[in-house]
Every structure is written in structure tokens, then in C-alpha cells.
Amino acid sequence: MRITSAACLLIFALAVPRATAQPGITAAPAIARAYDLILDADFDQLKKTLPATCPPAPAVACRGLEALSLWWQIQLDLVNHSLDTAFLNAANTAITEAERWTASEPQRAEAWFYLGAAYGARAQFHVYRVDRIAAARDGKRIKEALERALALDPTMHDAEFGIGMYRYYAGVAPAIFRFLRFFLLLPGGDREGGLAQLERAGTMGILVRGEAQFQIHVLYLWYEHKSREALALIRGLQQRYPHNPLFHQIEAEILDTYFHDHAASLKASERLLALAQSHAVFRADVAERVARRNIAKQTSALQQPATKPQ
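These lines cover the structure that appears in this document, whether it is placed above or below. Every chain is numbered on its own, with residues counted from 1 as its sequence reads. With the structure being a predicted model, the display of local features is reserved for residues of pLDDT at least 70 and the display and counting of side-chain atom pairs for 80 or more, all residues being used for whole-chain, interface and lining totals. To obtain the side-chain values, all non-hydrogen atoms of the structure were included, while hydrogens and water were left out.

1. Description of the overall build of the protein
The helix and strand inventory of the protein stands at 15 helices and zero strands. Remark: exposure states derive from per-residue accessible area (1.4 Å probe, protein chains only) relative to the maximum for the residue type, with buried under 20%, exposed over 50%, and partly exposed in between. Counting over 310 residues, the protein shows a buried share of 50%. The long-range share in the protein, meaning contacts at least 24 apart out of those at least 6 apart in sequence, stands at 63%. For the purposes of this entry, the term helix denotes a DSSP run of H or I that reaches at least four residues, the term strand denotes a run of E that reaches at least two, and both are numbered from the N terminus. Any pair of residues with heavy atoms lying within 4.5 Å of one another is described as a contacting pair.

2. Quick word on the side chain of Thr 53
With respect to the helices and strands, Thr 53 occurs in helix 3 (residues 43-53). A polar atom in the side chain of Thr 53 sits 2.9 Å from the backbone oxygen of Thr 49. Non-local contacts of Thr 53, meaning those with residues more than four positions away in its chain, are made with Ala 30, Ile 31, Ala 34 and Cys 62. In protein, a polar contact means a hydrogen-donor-capable atom and an acceptor-capable atom, both N or O and within 3.5 Å, with residues adjacent in sequence counting only if both atoms are side-chain atoms; elsewhere, any N or O pair within 3.5 Å suffices.

3. With respect to the packing of aromatic side chains
Side-chain rings of Phe, Tyr and Trp (the six-membered ring for Trp) are treated as a pair once their centres are within 6.5 Å; stacked means planes under 30 degrees apart, edge-to-face means over 60, and tilted covers the remaining angles. A full pass over the atoms with the stated rule returns 14 aromatic pairs. Judged by centre distance (6.1 Å) and plane angle (45 degrees), the ring pair of Trp 71 and Phe 87 falls under tilted. Linking Trp 71 in helix 4 (residues 59-76) with Phe 87 in helix 5 (residues 84-104), this pair joins segments that are 16 residues apart in sequence. For Phe 87, a relative accessible area of 0% corresponds to the buried category. Here the aromatic residues Trp 71, Phe 87, Phe 125 and Tyr 128 are joined through ring pairs into a cluster of three or more.

4. As for the nonpolar core
Residues Trp 72, Phe 87, Phe 113 and Leu 207 are the most contacted members of the largest nonpolar core, which totals 82 residues. In terms of nonpolar packing, the next biggest core, distinct from the first, is built from nine residues, Leu 266, Val 281, Ala 287 and Ala 291 among them. Only buried residues count toward a nonpolar core, which is a set of Ala, Val, Leu, Ile, Met, Phe, Trp, Tyr and Cys residues joined through side-chain atoms within 4.5 Å.

Take a look at the structure:
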């Protein structure tokens, strides 16, 4: 019996195992615990925890956590640039390792997730350091990597965080940035769709739930005119991460800027000052300085004579 060429090809195709999508995040609970330490500003404990986190988690997960840790330390004191170089080195290392993994295992969803997450941390840094072109380029890479992760694992709601961020900000960008998007061949945005993805990540994400809620509060304040909802999110983050002074500081800022409630803002900063002086929050030195500055501001405002209505 003779076997035709077509039959040979068919037998060969059946014999060779096909690459299939590999969903899920390895050791997700361990990574989530480490991420929570970052959001609680417990950076010293994070350093002690990482050796027991990777393994069982892949090494690139810890490289990403190291970069995120530095980024959150920068956020606690944005005017201080002393950690900028260390952060960029850590972020670039995480990106390089994740790119290696995606090249060797392109069907593994978490490899693409960690690549997008590493670009995400670097993009946020570029935004705050006003490097808009670098931020836009990283934004495109975030979207591409996380869409690949989501295609391989549609249940990976953590990947929706970065995609939603890109789609939302690209959708609300002013005209000059839309021109930049065109110039850099960046994908278009979708305000409503992006917010929906962020909100799913904020309720259904395994790793990024707290981070997503933090970013959503910014959108609620800046674009959605939902100051009450933003304040509720920040107070929820305070309860979940009581040692991070940033969430207490933001509460005072929201009460001042969006509610014009000087007395409530003053009380919020007085609480932060008490926490800093008792070392109940991390980076107590920065927390105390920020609290005292707002206490002086709100005290001055309360001493001003009330304006009589016309």
C-alpha cells in the first residue's frame, strides 16, 4: 500500500504537538502578598519576602515587583529624584527578562502579562517626569503585550488594568496628544471601554486590584466628576493598606480641592501627623512634612473671614 504525500503531511501534523495557550499566573497568591506589601509601603518587609516568592513564582515576577517598589517609593516623595536611576535600571531589567520569556514561550499568557506590567511601571514614571513621547511609546507596548496575554487567557482580568489605562487616557487626550498618537502610529482610545476594563481589574483582578482602584480614583477626580466615589476608594485603600501615608495625604487633598472643606482636610492631616509621629505609617519623615504643610494651609484658610453672599 502506497502512502501519498498529502497523507504523509497529515500524519506528520498529527504527530507533532501543537503549541497551545498556557493560561494563569504561577504562584499568584504569593505575588499578591508581595504586591500588597508595596501598596502598604512596607518596602523593608518586601525585600525579606521576595527570596521566598521567586521561586515558586517566576524570577521575572520579582524583577517587576522590585521596580514597582521603587516606583511607589518615588510616588511618596515625587519632588525627590534620588531613586530615578535605580528605578529605570530595575524597570529595564524587568522588561528585558520578560521579553526573553515571551520569545522562548510565546504561548504563555503570564509572560506577556509581566512584559506589559514592566512597561506599565516605566510609562507611569515617564508621565510624572513629563517625558510624553517615551510614555506614549511605552503605552503602545503595554497595550500590545497585555492584549496578547488576554487573548491567551481571557480570564486574566489583571491584564485588563493596563489595557484599560491606555484606552481611557487615549480616549480623553486633548487634540495635541491625539496628533502625537497619529505621529507615533499609536492605537486609538475608548474612554468608556477603558474605564469598564479598569473597573473589572479593580474588582476581579488577582494581583492589581488595589493598584487599579488607586488609578480609578484619579480618573474619577480628573475626568468623571465623581469626587465622592474617589474619596470612598481612597478611604477603602487606607483601611486595606493602613501604613501607606500617601492614601491619608490624598484624602486631605480631595477634601480641600474637591469638597472645599477646610475643616475636614485639616482633620485628615492632623490624623496623618499623629500617625507619622507615632511611626504608625512608613516614611514617617515625609508624611510628617506633608501633613504639617497642609495643616498650615487649612488653618490659614479657616482664619480667613467668610465671604458674605451678594
